[in-house]
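Here are the chains, one letter per residue:
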Amino acid sequence: MDIVYLRKLEISIIDKPRLCDYTTFKLGGACPILFQCETPEQIEAVVKELKSEKIDFITIGEGSNLIVSDEGIKQYVIRYLTKKPDIVQAGKDIFVSGSTLLDDLASFCAEDGLKGLNFASGIPGTVAGAIVGNAGAYGKQIADVLVGMDILDEKGNRKYIEKNKLSFSYRESSLKKTNEIVLSAHFLCEPSDKEFLLKERENILKERSEKHPDYKKIPCAGSVFKNVMPTSNAGRRQSAGWFLDQAGAKNFAVGGASVFEKHANIVIKKYDSCKAQDVFDLIQKMSANVQEQFNLSLEPEVRFVGKFK
């Protein structure tokens, strides 16, 4: 691997980092090497180097939906994240790097009087991660305003794909199966009243703060389970949190992990002694109780990486 070449591109290369420092849950062991990439050009260079050496790797953003094993992982890690938003506006068209934080994009659009992404206010993670997981809230999702994106395919080749060439559904996209990497994205947003959008964003952030923990202060990974589809035994009630609440999940705890007191579908790292295995075991317990009481199989929204018992 041409480390000198990668360093010339100002790519930070970290040896044997603990992934607890790179996830919002603040859990997880080490990986062999982590590459910190901020631009499409940087991540493209790293991916090509790793593929040429046939080195197994995973790509993460803010690590907001990851639970990494206490034992760590054997793969190399590419972290595609920038704290400096990379956004370009051309009328109603928005072009943004996949490494930009989703909330930064939502803020940018509100400030510029463009509607369509206000629902994403306060949602953690990057734009790339949001597209892969088709992030959403308030009945809206990222695919609603997505036009297309630049990606790296499985061979490391860069290409542009229109949204209609992909499959999107609730918290899902075909990108999860292809392992293609979103480099940048193109959104189409409609003009709207700036003051209205800013007030709406303020209300959304306030509502989230009342129901969700501040992940920067209370380590977590947001909603643990996807909401239940209406075609199931859930009937009209589709909120996973409702079923978990009825199953008594707010009183559940395992080791240093516990269910958040204000939201039955969120697990937090309550004590410093908390292990990733505690979170895994607690989530299994939550799922089992809903299965027993309602005959419903909850589907995890969080992603487990590495080995768990």
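Here is a short report on the structure shown in this document. These figures come from a predicted structure and were not determined experimentally.

About the criteria used
- Residues numbered from 1 in each chain as written.
- Predicted model: local features only at pLDDT ≥ 70, side-chain atom pairs only at ≥ 80, totals over all residues.
- Heavy atoms only, no water.
- Phe/Tyr/Trp six-rings, centres within 6.5 Å; stacked < 30°, edge-to-face > 60°.
- Buried < 20%, exposed > 50% of the residue type's maximum accessible area, 1.4 Å probe, protein only.
- Helix = DSSP H or I, 4+ residues; strand = E, 2+ residues; numbered from the N terminus.
- Pairing = 2+ DSSP bridges.
- Axes fitted to C-alpha atoms, helices over the stretch in contact; angles between N-to-C directions.
- Expected span 1.5 Å × (residues − 1).
- Arc of directions from axis to C-beta.
- Contact = heavy atoms within 4.5 Å.
- Parallel < 35°, antiparallel > 145°, perpendicular 65-115°, else oblique.
- Nonpolar A, V, L, I, M, F, W, Y, C, P; charged D, E, K, R; others polar.

The next point concerns the packing of aromatic side chains. Inspection of the entire model under this criterion finds 7 aromatic pairs. Measuring from centroid to centroid gives 4.9 Å for Trp242 and Phe243, while their planes differ by 85°, and the two rings are edge-to-face. By relative accessible area, Trp242 is classed as partly exposed at 29%. Ring centres of Trp242 and Phe294 lie 6.0 Å apart, and the angle between their planes is 50°; on these two criteria the pair is classed as tilted. Linking Trp242 in helix H7 (residues 240-246) with Phe294 in helix H8 (residues 276-294), this pair joins segments that are 52 residues apart in sequence.

Another aspect to go through is the sheet that holds strand E15 (residues 181-188). Spatially, the 5 strands line up as an open sheet ordered E6-E7-E15-E11-E12, and their pairing is antiparallel. At either end of the open sheet lies a strand with only one pairing partner, and these are strand E6 (87-90) and strand E12 (158-162). When the angles between neighbouring strand axes are averaged without regard to direction, this sheet yields 20°. As judged from the 4 bridges shared by E6 and strand E7 (residues 93-97), these two strands associate in the antiparallel manner.

So, about helix H6 (residues 194-211). Along its 18 residues, H6 runs 26 Å from first to last C-alpha, staying within 8% of the 26 Å computed at 1.5 Å per residue. The set of residues buried in H6 consists of Leu197, Arg201, Ile204 and Arg208. Axial view of H6: buried residues confined to an arc of 65°, hence all on one face. Residues of H6 that are buried make contact with helix H3 (102-111) and strand E8 (114-115).

Before going further, it helps to examine the packing of H3 against H6. For the pair H3 and H6, the least separation of the axes is 8 Å and the interaxial angle reads 150°. Considering the angle they form, H3 stands roughly antiparallel to H6. Where H3 abuts H6, its residues Asp103, Ala106, Ser107, Cys109, Ala110 and Glu111 lie against Lys194, Leu197, Leu198, Arg201 and Leu205. A breakdown of the residues in the contact of H3 with H6 according to their chemical character gives 6 nonpolar, 1 polar and 4 charged.

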